[in-house]
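# Understanding the architecture of this molecule
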Amino acid sequence: MSDNIAKIILDGKTYELPVVVGTMGEKAVDISKLRDMTGYITLDNGFANTGACKSAITFLDGENGILNYRGITIEELAEESTFIETAFLLIYGHLPNEQELNRFSDGLTRFSMIHEDLKGFFNGYPSSGHPMGILSAMIGSLAAYYPELVKPDPSREEVDSIVVELISKVRTISAFSYKKSRGEPYVYPRHDLKYIPNFLNMMFSSPAKEYEINEIVVDALQTLFILHADHEQNCSTSTVRLVGSSKANLFASISAGINALWGPLHGGANQSVFTMLTQIQKEGGDIHKFINKAKDSNDPFRLMGFGHRVYKNFDPRAKIIKRKADAVLNDLGIHDPLLDLAKRLEEVALKDSYFIEKKLYPNVDFYSGIIYKAIGIPEDMYPVMFAIGRLPGWVAHWKEMIENPKNKIGRPRQIYTGEVNQHYIPIEKRS
Ligand code: SDX
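Quantities reported herein were computed from a predicted structural model and do not represent experimental measurements. (Residues numbered from 1 in each chain as written. Predicted model: local features only at pLDDT ≥ 70, side-chain atom pairs only at ≥ 80, totals over all residues. Heavy atoms only, no water.)

So, about the overall build of the chain. Looking only at helices and strands, one finds 18 helices and six strands in the chain. The C-alpha atoms of the chain give a radius of gyration of 23 Å, which matches the 22 Å a tight globule of 431 residues would have. Counting only C-alpha atoms, the chain reaches 75 × 65 × 55 Å along its principal axes. Counting all 431 residues of the chain, 48% fall into the buried class. If you average the places of the 48 positive and of the 53 negative side-chain charges in the chain, the two averages end up 5 Å apart. (Helix = DSSP H or I, 4+ residues; strand = E, 2+ residues; numbered from the N terminus. Rg over C-alpha atoms; globule rule 2.2 N^0.38 Å. Buried < 20%, exposed > 50% of the residue type's maximum accessible area, 1.4 Å probe, protein only. Lys, Arg positive; Asp, Glu negative; His and termini not counted. Charge placed at Lys NZ, Arg CZ, Asp CG, Glu CD.)

With that out of the way, let us pick up the state of the cysteines. Scanning the entire structure with this criterion turns up zero disulfides. Take C53: it sits in no disulfide, and the sulfur closest to it among the cysteines is that of C235, at 14 Å. Residue C53 is classed as partly exposed on the basis of its relative accessible area of 32%. Relative accessible area serves as the criterion here: at 48%, C235 is assigned to the partly exposed category. (Disulfide = S-S within 2.5 Å.)

Bringing the pairing of strand 1 (residues 5–10) into the picture now. Where strand 1 meets strand 2 (residues 13–21), six bridges bridge the pair, whose relative direction is antiparallel. Pairing of I8 across the sheet is with Y15, part of strand 2. Between the end of strand 1 and the start of strand 2, which pair antiparallel, lie two residues, with D11 showing a positive phi angle near 50°. (Pairing = 2+ DSSP bridges.)

This part covers the domain arrangement of the chain. Examined at the domain level, the chain breaks down into domain 1 (5–51) and domain 2 (95–404). Taking only C-alpha atoms, the centre of domain 1 and the centre of domain 2 are 36 Å apart. (Domains from an automatic or database assignment.)

Take the environment of A269 next. When you line up the elements, A269 lands in helix 12 (residues 269–282). Here A269 falls in the buried class, since its relative accessible area comes to 5%. Ignoring any residue separated from it by four or fewer positions in sequence, one finds A269 in contact with G263, P264 and D365. (Contact = heavy atoms within 4.5 Å.)

Below, the structure is given as structure tokens:
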């Protein structure tokens, strides 16, 4: 709390509201008692000015392009850590010691298989089914196979089991949906491969040829998964918290988060960026034509991968991914004209007054697809890659919420603007 107070005058009466200050200096007016005190609620379209909770997991500073996980900068973690170590940090609040890391990693290896019955689900899907829809359905269905992990108030040990099951199996389900889409046989997880090599093997090996693990590709996915691992109260994480606040189980909460992430304004943007770049390329590469379309308020076209609710300066993740895209394509000896196109688009946009005034910069989704494409991942799997990376963040927020004894079910209010004083009219008397 702070000595500061907020005063609000309503109907001639002055009310005082407490102020909360976070460990990085963020300030909030606590309106928990506002309606009881004044009869008023607040309205905030898209919750742009509303804090849903206090959290110790991730800190964002949108004005200065800062992103920290548990107090450690994203730049350090992307440079020094691994995805599994970062996942542990987000979920348990500290960097694991060797014993903790080995136990966590061994669990991820041991629980990578999915129940054979789940293959029946895959067989029921059309091969054209979007893998995000399959992933959310499968994750939700895991609750049916692990009834012991579906209790409303799981013990700490049960939470630890659910966490490992989910983070491990998300790879297997994702790789199986990819194989399904290509009509290829599923490749099972292996106990001799670590997290990311195991995923790549399930994605790209076949009975005809074993995939050769390329350390450049493993390193690129380590960085991408770390950068996507959490982002405080974004749309999908807020969805996981809201669903979980009713004491719905983690499988159901994560399944809801996957669906929220799927939207093209959120995690689905990485696939939309690829579609946009391909369209610009197909139409001759006229960047100014598309920049003008994005600026035209009468044109629904938006520059996908640009803009952010919080970052009104650069997205620190986009800077790292752009550098990583250059390095990966160079190391793999790939020249992708879409990367050149994306860079030109960024250069033109950042000099344009529309984007400058509206503080629109490339976000995490602008360059990530370039790397996924170079690895051989198809565009409809890009949001799935985002979900694999974001899963530890979702889990960390769900765990932080259920461990908070003061947590309440999320239930926002509204201001009603509909009809008043209406009465029932028998159908024969209606117009
Ligand atoms: C992610 O929240 C998170 O942290 C999300 C995320 C995470 O890690 O979880 O960072 C991941 O979702 C990144 C964002 C990916 N989405 C896209 O790239 C889609 C394209 N971007 C936009 O649709 C938009 O910028 C959003 C959705 C990202 C943010 O939307 P806001 O904050 O609601 O802002 P807005 O739509 O009100 O836009 C403000 C103004 C508007 O103009 P005016 O009506 O004021 O005249 O800026 C314009 C918008 O038209 N604008 C754009 C634009 N983004 C905003 N104009 C053209 N192209 C764009 N991309």
